[in-house]
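# Remarks on the overall topology
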Amino acid sequence: MQELHDAPLAPLTTFRLGGPATRLITAGTDAEVIAAVREADDSGTPLLVIGGGSNLVIGDEGFEGTALRIATEGFSLDGTRLELAAGEVWTDAVARTVEAGLAGIECLAGIPGSAGATPIQNVGAYGQEVSSTITEVIAYDRRTHETVVIPNAECAFSYRHSRFKADPDRFVVLRVRFALEDAAGLSAPLKYAETARALGVEPGDRVPLAQARETVLKLRTGKGMVLDPEDHDTWSAGSFFTNPILTDEEFAAFRARARERLGEEAQPPAYPAGDGRTKTSAAWLIDRAGFTKGYGTGPARISTKHTLALTNRGDATTEDLLALAREVVAGVREAFGVTLVNEPVTVGVTL
């Protein structure tokens, strides 16, 4: 276990933003993770758990307390059953399952961050979500002071949400277990139209696993969603806002506002979200409200490749980023009456 004091946190985040932590502990085993959490809890010290840092917005003042970086390793395959330590690099784990000929998470290639973060956010992209393949989450329960095994049905998974995100101070994820599929080297049925088009097939078709992964990586790279230290469009947290899910009444009001602003032919994106609700596109809202790719003149700007990504152009502060985010939220609300919600977790700041 490594311990540093007054330790910079910005290098541990994909935004490369945020002030220092009073203390930074790097834990390489589950036992070290649990010991660090118990020590912080027993002493009443605030605790910040960091995995890959791809979903964090840390304030410029930093974090007064203990930051715990989970650097555990562990990739275990037993037939189609996969177990990952929380600290495993997610995109590397996806590549290894594809090499093993197993389907289920191949369209989640290129997503930055650690395996332990995937159930918290119910990570998803290009028609796949981890909730479809996760069987169990092993976590340390800070309330009962024991290690627990939480089955999928008790994780309360929903769109970019889970019980872990709803109660962030209770569980620290240690390991994640998945059930994958042996489809003779083929992918899971493709659910995302853009992926199917790029592959020249129809939604519902299967393609060779490696081909599916490579196609997703190309799509993500074109949107600045694959980490590249030389490309400031990737100095981000990926999609900064979640896609709004609206009631029928809210969607009708939004559609009316859209047609009033853009003309009667305007057709806002609409996807059934169950329970009489409709999901629409945050990227569409942002773009149509006037915040196009590359928007901004300061050190924090919208990506030149994707309107959903807010980026650090190299010398931004967290406050620069938040000012841009607030401008976008206010502009979308004024234009369409819809309030965007940030996807990254904020530490010491609020939007």
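The rules behind these values
- Residues numbered from 1 in each chain as written.
- Predicted model: local features only at pLDDT ≥ 70, side-chain atom pairs only at ≥ 80, totals over all residues.
- Heavy atoms only, no water.
- Pairing = 2+ DSSP bridges.
- Helix = DSSP H or I, 4+ residues; strand = E, 2+ residues; numbered from the N terminus.
- Axes fitted to C-alpha atoms, helices over the stretch in contact; angles between N-to-C directions.
- Contact = heavy atoms within 4.5 Å.
- Core = buried A, V, L, I, M, F, W, Y, C linked by side-chain atoms within 4.5 Å.
- Buried < 20%, exposed > 50% of the residue type's maximum accessible area, 1.4 Å probe, protein only.

### Observations regarding the sheet that holds strand S12 (residues 171-179)
Judged by pairing direction, the sheet is antiparallel, and its five strands sit side by side in the order S6-S7-S12-S10-S11 without closing on themselves. At either end of the open sheet lies a strand with only one pairing partner, and these are strand S6 (75-78) and strand S11 (146-151). Pairs of neighbouring strands in the sheet enclose a mean axial angle of 20°, with direction left out of account. Both strand S7 (residues 81-85) and S12 contribute to a ladder of five bridges, which runs antiparallel. By the bridge assignment for S12, arginine 81 is matched with alanine 179. Of the strands in this sheet, strand S10 (134-141), S11 and S12 are in contact with helix H1 (residues 30-43), which crosses S12 at around 150°.

### Overview of the nonpolar core
With 37 residues, the main nonpolar core has Leu84, Trp90 and Phe178 as its most contacted residues. Listing elements by their share of this core, those giving two or more residues are S7, helix H2 (90-99), S10, S11, S12 and helix H6 (209-222). Residue contacts for tryptophan 90: discarding those within four places in its chain leaves Leu84, Ile105, Leu108, Ile111, Gly113, Ser114, Ala115, Thr118, Val130 and Phe178. Counting 34 residues, the second largest nonpolar core, distinct from the first, contains Ala283, Ile286, Phe291 and Val338.

### A word on unusual backbone geometry
At arginine 16, a residue that is not glycine, the phi angle is positive and equals roughly 60°. Note that arginine 16 resides in the loop between strand S1 (2-8) and strand S2 (20-27). Overall, arginine 16 belongs to the partly exposed group, its relative accessible area being 31%. Backbone geometry places aspartate 275, a non-glycine residue, at a positive phi of 55°. Residue position: aspartate 275 is located in the loop between strand S14 (271-274) and strand S15 (277-279). Overall, the relative accessible area of 76% leaves aspartate 275 in the exposed class.

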